[in-house]
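Okay, here's what each chain looks like letter by letter:
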Amino acid sequence: MSVQRMIAEPERAPPVSPVSDRMEQADPIRSDAPLREAIETFRRFPHVRFLAVVDSAGRPLGAVHEVVVRDLLFSPFGHALLANPGCRWSLADLVRPCASVDIDAPIERLIAAFGEAGGGEGVILTRAGRYLGLLASQALLRIAAERERGLHEEERAKARRALERSETLGRAFARFQEDVRDFGAQLVAAAGEIQATAAGVSERATRNGRQALMVTAASSQSAQGISDLARTGVALAHQVRDIEARVAEVKGALSDAVEQVEISASRTASLTEAADEIGGVISLISGITGKVNMLAINAAIEAARGGEAGKGFAVVAAEVKALAVQAKAAAAQIERRIGAVRAAIADTAEANRTINTIVVAVDGAASSILGSVAQQAAAATTIAATIEQAAAASAEVSSHVAEMGGRAATATRIAMELGVVAEALTGKADRLHARVGDFIGEIQAAA
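Since we're looking at a predicted model, the values are computed, not measured.

Q: Quick one: what's the story with helix α6 (residues 107-116), residue by residue and with numbers?
A: Residues Ile107, Leu110, Ala113 and Phe114 constitute the buried set of α6. Down the axis of α6, the sector holding all buried residues measures 130°, keeping them to one side. Structurally, α6 contributes buried residues whose contacts are with α2 (19-22), β4 (100-102), β5 (122-127), β6 (130-136) and α7 (137-148).

Q: Just give me the short version of the confidence of the model for the protein chain, but keep the residues and values in it.
A: For any part of a model where pLDDT is low, the fine detail of the predicted coordinates should not be relied upon. Across the protein chain, the average pLDDT comes to 74, with 70% of residues at 70 or higher. Least confident of the elements in the protein chain is helix α1 (residues 3-8), whose mean pLDDT is 42; most confident is strand β2 (residues 50-54), at 95. Taken as a whole, residues 1-14 scores under 50 in pLDDT and shows 14 contacts with residues more than four places along the chain or in a different chain.

Q: I'd love a proper account of the pattern of salt bridges, names of residues and values included.
A: Inspection of the entire model under this criterion finds 4 salt bridges. For the salt bridge of arginine 127 with aspartate 104, the shortest nitrogen-to-oxygen distance reads 3.8 Å. Taken together, the residues span a long stretch of sequence, with arginine 127 in strand β5 and aspartate 104 in the loop between β4 and α6 at a distance of 23 residues. On the basis of relative accessible area, aspartate 104 is assigned to the exposed category, the value being 60%.

Q: Just give me the short version of helix α3 (residues 35-44), but keep the residues and values in it.
A: Of the positions making up α3, those classed as buried are Leu35, Ala38, Ile39, Thr41 and Phe42. Angular distribution of buried residues about the axis of α3 spans 160°; they occupy a single face of the element.

Q: Explain the pairing of β6 to me, and be specific about the residues and the numbers.
A: With respect to burial, β6 is a largely interior element, 5 of its 7 residues being buried. As defined by bridge partners, β5 adjoins β6 across 6 bridges and the pair is classed as antiparallel. Within β6, the position partnered with glycine 122 by the bridge is alanine 136. Linking β5 back to β6 in an antiparallel pair, the connection comprises 2 residues, with alanine 128 at a positive phi of about 60°.

Q: Give a description of the nonpolar core that names residues and reports values.
A: Val48, Ile124 and Leu134 are the most contacted members of the largest nonpolar core, which totals 23 residues. Secondary structure elements with two or more residues in this core: α3, β2, β3 (60-65) and β6. It is β2 that provides the largest number of residues to this core, a total of 5 residues. Beyond its immediate chain neighbours, meaning those up to four positions away, leucine 134 contacts Arg22, Met23, Glu24, Ala26, Val48, Phe50, Leu51, Ala52, Val123, Ile124 and Leu125. Counting 16 residues, the second largest nonpolar core, distinct from the first, contains Ile103, Ile107, Ala113 and Ala139.

About the criteria used
The residue count restarts for each chain, going from 1 along the sequence in the order it is written. Owing to the predicted nature of the model, reporting of local features is limited to residues with pLDDT of at least 70; listing and counting of side-chain atom pairs is limited to 80 or more, with chain, interface and lining totals taken over all residues. Side-chain descriptors were evaluated using all non-hydrogen atoms of the structure, hydrogens and water having been removed beforehand. Partly exposed residues are those whose accessible area sits between 20% and 50% of the maximum for their type, while under 20% is buried and over 50% is exposed, using a 1.4 Å probe and protein chains only. A run of H or I in DSSP becomes a helix once it reaches four residues, and a run of E becomes a strand once it reaches two; helices and strands are each numbered from the N terminus. Picture the helix axis, draw a direction to every C-beta atom, and the arc is the one those directions span. We call two residues contacting when some pair of their heavy atoms lies within 4.5 Å. Note on scores: pLDDT gives the predictor's confidence for each residue, bounded by 0 and 100. In the sections that follow, a salt bridge refers to a side-chain nitrogen of Lys or Arg positioned within 4 Å of a carboxyl oxygen of Asp or Glu. Strands qualify as paired when DSSP identifies two bridges or more between them. Only buried residues count toward a nonpolar core. Its members are Ala, Val, Leu, Ile, Met, Phe, Trp, Tyr and Cys residues joined through side-chain atoms within 4.5 Å.

Printed below as a string of C-alpha cells:
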C-alpha cells in the first residue's frame, strides 16, 4: 500500500502485523565460538544484518553486526586470514550491545527497547529468556508506522516520513545488497582464478626444485669425474717419466752393445790376420819340407854311387841340417802365432759373453717397457671412460638448465596473469567504494 493511500484513508488502516510474521530466522553464535563461525553464518544467512550472540543456555549477550565483519565477509582471503595462528581477532572483540525483548511483549516495549539501545540493525526476540529470532530495524519501523496510522495528522506525517525513509533505506539496502552479492560473486571467481594460477605456479616451482636437485646431482657427478680424470692424469705422467728413464737405460745398454760389437769385430780381424800369417808359415814349412825331401833323395842317390858320392852326401847332409834349423824356427814361429790366435779367440769369447749380458739387460728393459705400455693403455681407457661420463653429465646439466629456463619463462607469464587479475580486482574494489559512497549519499538524503 502506498503512503498517499495510507494518508487518504486513515480510518481503514490495516491492523499492525504480528511480530512473528516479521521475525527473521538465523542461527545464533555461541559466545565461545571462533570468529570464523560468525563469518560462515553470515554467508549462510545473507539476508540478515546482525547475528545474536548467546551463552551456553541460549540467553542473548549481544550481537555481531555484518558491517563490522564486512571486510572479512567479502574477502576471498578472509577464511585464510582467520585460520592463520597469528590472527589475534576474536568474536568477543566484535560483540556489541543489542536490545533483547520477549516476542510476546507489547509493540511499545519493542520500540522503546530499540530506542534505548540507540537504534542499530534491530532487536533480538526471545521466549522465556532464550533466543528465538531477529527483528530487523526495517521491519520494526514498518510495525511502528502501522501502529502510528491511527494517530493524529502530525504523528501520521512523522510516521509517513519514517516509512518513506524506511522504504528508501530498504531500496538502497536492496540495491546495495544486490551489488554486494554481484561483487562477492566476482571476487569469488577472481579468487578462483588466482588460486588456480597460484596452484600452477606452485606446481612449476616444485618441478623447478626437482630439476635443481637433478642439476646438483649431475654437477656433482661431473665434478667427481673430473677429479678422477685429474688423478689418472697424474699417474699417467709418473708412468711416462718411468718409461723415459727405462728408454734411457735401454739406449745406454744398446750403446754398450754396439761398442762391444765393434771391439769384437776388431779382434776378429786380428784373428783373421793371424790366421793368414799362420798360412804363410805353413807354406814356408811346406817348401822346406819339399827341399828336404829332394835333398834326401839326392843324398840317397849319391850314397848309392859311393866313392866320391860320400862327399856330396856330406854337403846334402849339411843342407838338410840347415833346412831342419829353418823348419824348427818356422815351427816356433807357428807356435807363437797359434798362441796369438788363441788369445784373440779368448777375447772374442769374452766379448760374446759381454754382448750376451747386454742383450739380457735390453730384454729386461724391453719387458719393463711393455709393462708400462700396458699400464698406459689401462690408464688411457680409464681416462676415456671418465671423460665420457663427464660429457654425459654435462649434457644432462645443459638439458635441465634449458628446461628450468623454460619453466622460469612460464612462471613469468603466470606472474603477469596474476598482475592482470589483481588489477581487475582493484577496479572492482574501486567500483564498490564508489557504490558505497552513493549508498551513504542516499541514506543522508533520506535522513
